[in-house]
Amino acid sequence: LHNMFENMQNQRLKKKSLFLKEKKLLSNQVKKLKILYTKILNRTLAIDYGEKKVGLALSDPMKIIAKPYKTIANESDDKLISDLNNIIIAKNIDEIVIGLPLTMKNAFSKQTDNVNRFINLLKNKINIKVVVVDERLSSIEAKRSLVNQGIKTGYNKKDVDMTAAALFLQSYLN
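Owing to the predicted nature of the structure, the values given are computational and were not obtained by experimental measurement.

Scoring rules and cut-offs
- Residues numbered from 1 in each chain as written.
- Predicted model: local features only at pLDDT ≥ 70, side-chain atom pairs only at ≥ 80, totals over all residues.
- Heavy atoms only, no water.
- Pairing = 2+ DSSP bridges.
- Helix = DSSP H or I, 4+ residues; strand = E, 2+ residues; numbered from the N terminus.
- Axes fitted to C-alpha atoms, helices over the stretch in contact; angles between N-to-C directions.
- Patch = residues over 30% accessible without salt bridge, like charges linked within 9 Å, V, L, I, M, F, W, Y side chains within 5 Å.
- Areas by Shrake-Rupley, 256 points an atom, 1.4 Å probe, with all protein chains shown as cover.
- Salt bridge = Lys/Arg side-chain N within 4 Å of Asp/Glu carboxyl O.
- Expected span 1.5 Å × (residues − 1).
- Buried < 20%, exposed > 50% of the residue type's maximum accessible area, 1.4 Å probe, protein only.
- Contact = heavy atoms within 4.5 Å.
- Phe/Tyr/Trp six-rings, centres within 6.5 Å; stacked < 30°, edge-to-face > 60°.

Draft legend 1. Local environment of the sheet that holds strand 3 (residues 66-73). Read from one edge to the other, the open sheet built from five strands follows the order 3-2-1-4-5, with strand pairing classed as mixed. Each of the sheet's edge strands pairs with one partner strand only, and the pair in question is strand 3 and strand 5 (129-134). Within this sheet the neighbouring strands show an average axis-to-axis angle of 25 degrees, counted without direction. Of the strand pairs in this sheet, strand 1 (residues 43-48) and strand 4 (residues 93-100) are connected by five bridges, and their pairing is parallel. The partner of isoleucine 47 across the bridge, within strand 4, is isoleucine 98.

Draft legend 2. Quick look at a nonpolar patch on the surface. A contiguous nonpolar surface patch, about 330 Å² in accessible area, is contributed by Met62, Ile64 and Ile65. The topology assignment puts isoleucine 64 in the loop between strand 2 (53-59) and strand 3.

Draft legend 3. Local environment of helix 3 (residues 110-125). When the terminal C-alpha atoms of helix 3 are compared, their 23 Å separation across 16 residues agrees well with the 22 Å that a helix rising 1.5 Å per residue should span. Residues Thr112, Asn114, Val115, Phe118, Ile119, Leu121 and Leu122 constitute the buried set of helix 3. Among the structural elements, strand 1, helix 2 (77-90), strand 4 and strand 5 are those in contact with the buried residues of helix 3.

Draft legend 4. Local environment of the packing of aromatic side chains. In total, this model carries one aromatic pair according to the counting rule given. Their ring planes at 15 degrees and their centres at 4.4 Å tell us that tyrosine 49 and phenylalanine 118 sit as a pair that is stacked. Here the residue tyrosine 49 occupies a position in the loop between strand 1 and strand 2, and phenylalanine 118 occupies one in helix 3, the gap between them amounting to 69 residues. The class of tyrosine 49 is buried, set by a relative accessible area of 6%. According to the relative accessible area criterion, phenylalanine 118 is buried, its value standing at 0%.

Draft legend 5. Examining the pattern of salt bridges more closely. Counted according to the given criterion, the structure contains seven salt bridges. Between aspartate 161 and lysine 53 there is a salt bridge, with its nearest N and O atoms 3.4 Å apart. Highlighted residues: aspartate 161 in helix 5 (residues 157-173) and lysine 53 in strand 2, separated in sequence by 108 residues. Across the pair lysine 63 and glutamate 95 runs a salt bridge whose closest N-O atoms are separated by 3.7 Å. Of this pair, lysine 63 sits in the loop between strand 2 and strand 3 while glutamate 95 is found in strand 4, placing the two residues 32 residues apart along the sequence. The exposure class assigned to lysine 63 is partly exposed, which follows from its relative accessible area of 26%. A relative accessible area of 7% places glutamate 95 in the buried class. Beyond isolated ion pairs, a larger network of salt bridges with shared partners links Lys63, Asp94, Glu95 and Lys129.

What follows is the structure, given as structure tokens:
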């Protein structure tokens, strides 16, 4: 009877040990899948650069749909780069799309020069692919879109910036 009891106990311990090994193996597989998921499913960040405010939009992880994300203050280059770095890490960004404001005659303006300066800074400070797109009329289209949704643009200027970024990001994704 004693031997029978010991055998049962040993079998239970073996089953428990096997269960713990399988649990650990499964846990490691889940960790590997999470790492793989974050490497495969990255997002694109769009930037509508302004001297006072910067509108941001994000793609979904499959890079099909763009949506407004937020507007951040442009207090200084260092602060802006730091804020963007934090977003890049938190949102798994692997590509940046930045709007270049050309005039209707396809010429550069003072704002175009400001954005080009920022693009060069961005490329030197952040090690991610940066794509420059034409953002002509994106703010006008963003205002029109917001008005159509019943959102007053006079009090919600930050919405215009991030919506403009979403519009040119969606165009880029298409």
